[in-house]
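Now for the letters of each chain:
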Protein chains: 2
Amino acid sequence: MFLSMKKIIVSLMALSSLTASAQFGAPRENPKVPSVVASVEDFKPASTNQGGKQYPMVNSERMVRAQIKAPDATFVGLDIAGKIYIMTKDENGVWTGTSEPQDEGFHYYQLNIDGASVPDPGSKYYYGASRWGSGIDVPAKDEEFYTVKNVPQGSVNEVYYWSTVTEKMRHGYIYLPAEYYSNPTKKFPVLYLQHGMGENETGWSAQGKTGIIMDNLIAEGKAVPFIVYMDNGLDVRRPGDPAPGQGGFGGFGGPRPQGGPGQGGPRRGGFGGFNAFQDVLIKDIIPMVEGKYRVIADTEHRAMAGLSMGGMQTHSITLANPTTFAYVGMFSGGTFNTEELKDAADFKKTNKVLFMSAGGRETGMVEGDRSVVKAAENLKGIGINAHSYVSPETAHEWQTWRRSLYQFAQLIFK
Amino acid sequence: MFLSMKKIIVSLMALSSLTASAQFGAPRENPKVPSVVASVEDFKPASTNQGGKQYPMVNSERMVRAQIKAPDATFVGLDIAGKIYIMTKDENGVWTGTSEPQDEGFHYYQLNIDGASVPDPGSKYYYGASRWGSGIDVPAKDEEFYTVKNVPQGSVNEVYYWSTVTEKMRHGYIYLPAEYYSNPTKKFPVLYLQHGMGENETGWSAQGKTGIIMDNLIAEGKAVPFIVYMDNGLDVRRPGDPAPGQGGFGGFGGPRPQGGPGQGGPRRGGFGGFNAFQDVLIKDIIPMVEGKYRVIADTEHRAMAGLSMGGMQTHSITLANPTTFAYVGMFSGGTFNTEELKDAADFKKTNKVLFMSAGGRETGMVEGDRSVVKAAENLKGIGINAHSYVSPETAHEWQTWRRSLYQFAQLIFK
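From a predicted model like this one, the values you see are computed outputs, not experimental measurements.

Draft legend 1. Summary view of the relation of the copies chain B and chain A. For the match of chain B to chain A, the screw axis carries a shift of 0.0 Å, the RMSD comes to 0.0 Å, and the turn is 180°. Taken together, the rotation angle and the small translation identify this as a two-fold axis. If distances are taken from each C-alpha of chain B to the rotation axis, the shortest is found for Asn157 of chain B, at 2.0 Å. Looking at chain B, 100% of its interface residues are interface residues in chain A too, so the copies touch through the same face.

Right, dumping it as structure tokens:
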């Protein structure tokens, strides 16, 4: 079974009710709309701002206000959530504009200055939509769970390792819980956690706040201490693979139930590494993590999860390697169905939790045939310990995935 | 002895022959100059570019070429090393411009679009000049020492900790050598390493490439394995300290020889934390590092170094805490003089290496009375094991400090 890149994108779009450009970072021509008049003038600097920067701001209506000095510009716009809000210039050459209310949580955005799309100098920068660019966190009612607190601190660590698959050094991040440092003989379970299309290995710790969520969950006794490993699921080019931008969208292995670890032989191409990532995970990453860190190196202590495209990779990789991971999570990444699992004896015997989630605004994933809730019910019917979660009033964005990790982490390794 | 913030800045400027605006991130009005015609058209994407981005580029003459689409702009400039190179627009609205040759190594830069100073969407972003913004690495003849290689990998780890001084959670980075993981009972020495004015705790690992330099040095047997801890030396506000931008430039404690660790009592103000950082280092950071990590917690296994302002902090803190650190390094941060050390019995008895370095283009630090070379000679005369290093053909920039770390790391804990 082969899926083309186009089919994967169409499939994700259908699931998430997003436009291709917003999701996949294609050049955008968002419509220009008037700046909005706020009814509450209680704007405060965003938590995602660079230190000491006043703009961008957010008010209690969750409107975003941007400001930049551009004395000689003829147009400046705030480009967020598919619209460019037209900013206006004061007598000092300073432009200001305000968006409509945004959902709670993290959003990518940028400024448009006379046709140039650039990062806002006021914000910190995050990797998404295939570029480092501005992000803004809109305060959420439940933000406590991803706020840094004075609890025992684990740490997110940068990792370089040699890949036998790509024959290059690769780069990832590993979260080690506080007890990894305080209890120097204890071994821990590991969750392999993947980002979405247009993102990279920094997403889960920066936008996703993985380290903070885990420290808080462990401190409250809601999750057992475990390690989280985060890699780049797209930047995987094997020797001989076509260079980026020169094709390479050919093969997507798709689910290969009953195959052993790393089976299926080399698959060339695979849009930017979607598919080759399985090889890197099984042949390079897991052996590196289990060799270098104090890890309980067995199936019952190994989990995989991912968001959006990373959820599809989790789907594909855990089906193709049915005895490798006991816990599986797909966040806004579609569903497992009973058809593909009903005869998957190894998978069913191995799996202890199968978790599927989506944002409440992702109508394609929470209503109708493709609903994560319905999928979980169906899977329970064939003996799978399936769980579903719907994040209230969020879309195909990081607030959905922070909450999904928070839920999933409480279910695994118990 | 009190120094005002202005005096510190003037002092650093005199040492480094830099303008205040370039060094300290004050608003700049750099002159606009014509784009340069390259004699060699062998431009390649910079190593500091975002994945897949073609621009900015560097050629073998070390000229930097930037490009951005801004169809409606009337002016676009490449703002680097104190000049704004005027870019020109093609028929597709794409602007291109080329700078004069730059020194080897890392440089901050930005684009100017119709008067707005913004990051270049093609580069990765680094914290310097008091903002996250564009950086570019110009290839250097000696870049091998800071290139990732397939050698045993330590890791740079993110650290949050509670500060009793600021009564807030604080944030730093710690480099743990490969052997920290492979040899789970071994304890290691620690170098406390500080950034410069307008930079933060990310500088040494991102621009400075500390983890890569250390892994390579240790793999070659040129340095003993040791830990490096990097914190923010400016963002230190104690309860009751004036808020940023509301004064707080009053007190700079200056050298206090013969004082014990943490002595001197609370000092309010201290421009943005320059001075309060001593309290955080002695009372919070060192106890946290020595409590949480496997560290040899004695003077002979403790070093402090810093660049520019971080070098001045090292000067001040190691004099005020003369029995705390056995190894001391100042990179482009001035010199110790014989006058302040000749009667400093505790410092002299404790110190094993005193290292002072500067870039060869920092004339104020390599020629005349304030030369690091001359200072080291003078200090040897009073029994100090002083070393100096001058980085060839570099200025008050990161290539000087990468090389300084590379030199200093080979001298300490031996």
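Draft legend 2. Layout of the pattern of salt bridges. All names here are of chain A. This model, assessed by the stated rule, comprises 35 salt bridges over all chains. As a salt-bridge pair, Glu104 and Lys141 come within 2.8 Å of each other at their nearest N and O atoms. You can see Glu104 sitting in the loop between β8 (94-101) and β9 (105-113) and its partner Lys141 sitting in the loop between β12 (131-138) and β13 (155-163), a full 37 residues away along the chain. Ionic pairing is found between Arg170 and Asp231, a salt bridge with its closest N-O pair at 2.5 Å. Here Asp231 lies in the loop between β16 (227-230) and α6 (276-292) and Arg170 lies in strand β14 (residues 168-176), a separation of 61 residues in the sequence. Assessed through its relative accessible area of 1%, Asp231 is described here as buried.

Draft legend 3. The arrangement of the interface of chain B and chain A in detail. Opposite the 38 residues of chain B that make contact, chain A presents 38 residues. Regarding the contact of chain B and chain A, the summed buried area is about 3,300 Å², with carbon and sulfur atoms giving 61% of it. Our count for the contact surface shared by chain B and chain A stands at zero salt bridges. Joining chain B to chain A, the criterion identifies eleven residue pairs in polar contact (both at pLDDT 80 or more). At the level of elements, β4 (63-69), β10 (116-118), β12 (131-138), β13 (155-163) and β14 (168-176) of chain B are the ones that each hand at least two residues to the side of chain B that touches chain A. Per-element accounting of the side of chain B that touches chain A gives the leading share, six residues, to β13 of chain B.

Draft legend 4. Structural context of the nonpolar core. Tyr192, Tyr229, Val289 and Tyr293 of chain A together with Tyr229, Val289 and Tyr293 of chain B are the most contacted members of the largest nonpolar core, which has 54 residues in total. Apart from residues lying up to four places away in sequence, Tyr293 of chain A is in contact with Val159, Ile174, Leu176, Tyr180 and Met288 of chain A together with Tyr181 of chain B. Ranked by size, the runner-up nonpolar core spans 42 residues in total, among them Ala73, Met87 and Ile136 of chain A together with Val64 of chain B.

Draft legend 5. Quick peek at the sheet that holds strand β3 (residues 57-58) of chain A. Residues and elements named next belong to chain A. Strands sit in the order β2-β3-β4-β8-β7 across an open sheet of five strands; the sheet is antiparallel. Of all the strands in the sheet, the pair left with one neighbour each is β2 (44-45) and β7 (88-89). Judged from the six bridges that link them, strand β4 (residues 63-69) and β8 form a sheet pairing that is antiparallel. Within β8, the residue paired with Met63 across the bridge is Pro101.

Draft legend 6. View of the sheet that holds strand β8 (residues 94-101) of chain B. All names here are of chain B. Spatial ordering of the open sheet is given by β2-β3-β4-β8-β7, a layout of five strands whose pairing is antiparallel. Strands at the two margins of the open sheet, each flanked by one partner only, are β2 (44-45) and β7 (88-89). As paired strands, β7 and β8 are joined by two bridges and run antiparallel to one another. Following the sheet pairing, Lys89 is matched in β8 by Trp95.

Draft legend 7. Structural context of helix α7 (residues 309-320) of chain A. Residue and element names in this part refer to chain A. Under the 1.5 Å per step criterion, the end-to-end length of α7 is 16 Å for twelve residues, consistent within 8% with the ideal 16 Å. Burial analysis of α7 places twelve of its twelve residues in the buried class, which makes it a mostly covered element. Among the residues making up α7, those that are buried are Met309, Gly310, Gly311, Met312, Gln313, Thr314, His315, Ser316, Ile317, Thr318, Leu319 and Ala320.

Draft legend 8. Here's a closer look at the packing of aromatic side chains. Tallied over the full model, the rule gives 39 aromatic pairs over all chains. With centroids separated by 6.0 Å and ring planes inclined at 75°, the aromatic side chains of Tyr180 of chain B and Tyr181 of chain B adopt a geometry described as edge-to-face. Each member of the pair, Tyr180 of chain B together with Tyr181 of chain B, is buried. Between Phe336 of chain B and Phe347 of chain B, the ring centres sit 5.5 Å apart and the planes meet at 35°, which makes this aromatic pair tilted. Taken together, the positions of Phe336 of chain B in the loop between β18 (327-331) and α8 (338-341) and Phe347 of chain B in helix α9 (residues 345-350) put the pair eleven residues apart, joining distant regions of the chain. By relative accessible area, Phe347 of chain B is classed as buried at 2%. Each residue in the set Trp204, Phe331, Phe355, Trp398, Trp401 and Phe408 of chain A is aromatic and connected to the rest through ring pairs, giving one cluster.

Draft legend 9. Highlighting the pairing of strand β5 (residues 76-80) of chain B. All names here are of chain B. The buried count for β5 comes to five of five residues, which makes it a mostly enclosed element. Burial along β5 is two-sided: the face carrying Val76, Leu78 and Ile80 and the face carrying Gly77 and Asp79 are both buried. With five bridges connecting them, β5 and strand β9 (residues 105-113) associate as antiparallel partners. For Ile80, the partnering residue across the bridge sits in β9 and is Tyr109. In this structure, β5 lies alongside strand β6 (residues 83-86), joined through four bridges in antiparallel fashion. By the bridge assignment for β6, Leu78 is matched with Tyr85. Here β5 folds back onto β6 in antiparallel fashion, the turn holding two residues, of which Ala81 has a positive phi close to 50°.

Draft legend 10. Up close: helix α12 (residues 398-409) of chain B. Residues and elements named next belong to chain B. The terminal C-alpha atoms of α12 lie 16 Å apart, and with twelve residues this matches the ideal 16 Å at 1.5 Å per residue to within 8%. Most of α12 sits inside the fold, with eleven of its twelve residues counted as buried. Residues Trp398, Gln399, Thr400, Trp401, Arg402, Arg403, Ser404, Leu405, Tyr406, Phe408 and Ala409 constitute the buried set of α12.

Draft legend 11. Representation of the environment of Asp42 of chain B within the structure. Residue and element names in this part refer to chain B. Summarising the element assignment, Asp42 is placed in the loop between β1 (32-34) and β2. Residues Asp42 and Gln153, spaced 111 residues apart in sequence, show a C-alpha to C-alpha distance of 34 Å. Beyond its immediate sequence surroundings of up to four residues, Asp42 is in contact with Val58, Asn59 and Ser60. Within the structure, Asp42 has its side chain in polar contact with the side chain of Ser60 (distance 2.6 Å).

Draft legend 12. Structural context of the side chain of Ser308 of chain A. Among the structural elements, Ser308 of chain A can be located in the loop between β17 (302-307) and α7. A polar side-chain atom of Ser308 of chain A sits 2.8 Å from a polar atom in the side chain of His396 of chain A.

Calculation rules
- Residues numbered from 1 in each chain as written.
- Chains lettered and ligands numbered in written order.
- Predicted model: local features only at pLDDT ≥ 70, side-chain atom pairs only at ≥ 80, totals over all residues.
- Heavy atoms only, no water.
- Least-squares fit on C-alpha atoms with pLDDT ≥ 70 in both.
- Contact = heavy atoms within 4.5 Å.
- Salt bridge = Lys/Arg side-chain N within 4 Å of Asp/Glu carboxyl O.
- Helix = DSSP H or I, 4+ residues; strand = E, 2+ residues; numbered from the N terminus.
- Buried < 20%, exposed > 50% of the residue type's maximum accessible area, 1.4 Å probe, protein only.
- Buried area = accessible area lost by both parts, 1.4 Å probe.
- Polar contact = N/O pair within 3.5 Å; in protein donor to acceptor, adjacent residues only side chain to side chain.
- Core = buried A, V, L, I, M, F, W, Y, C linked by side-chain atoms within 4.5 Å.
- Pairing = 2+ DSSP bridges.
- Expected span 1.5 Å × (residues − 1).
- Phe/Tyr/Trp six-rings, centres within 6.5 Å; stacked < 30°, edge-to-face > 60°.

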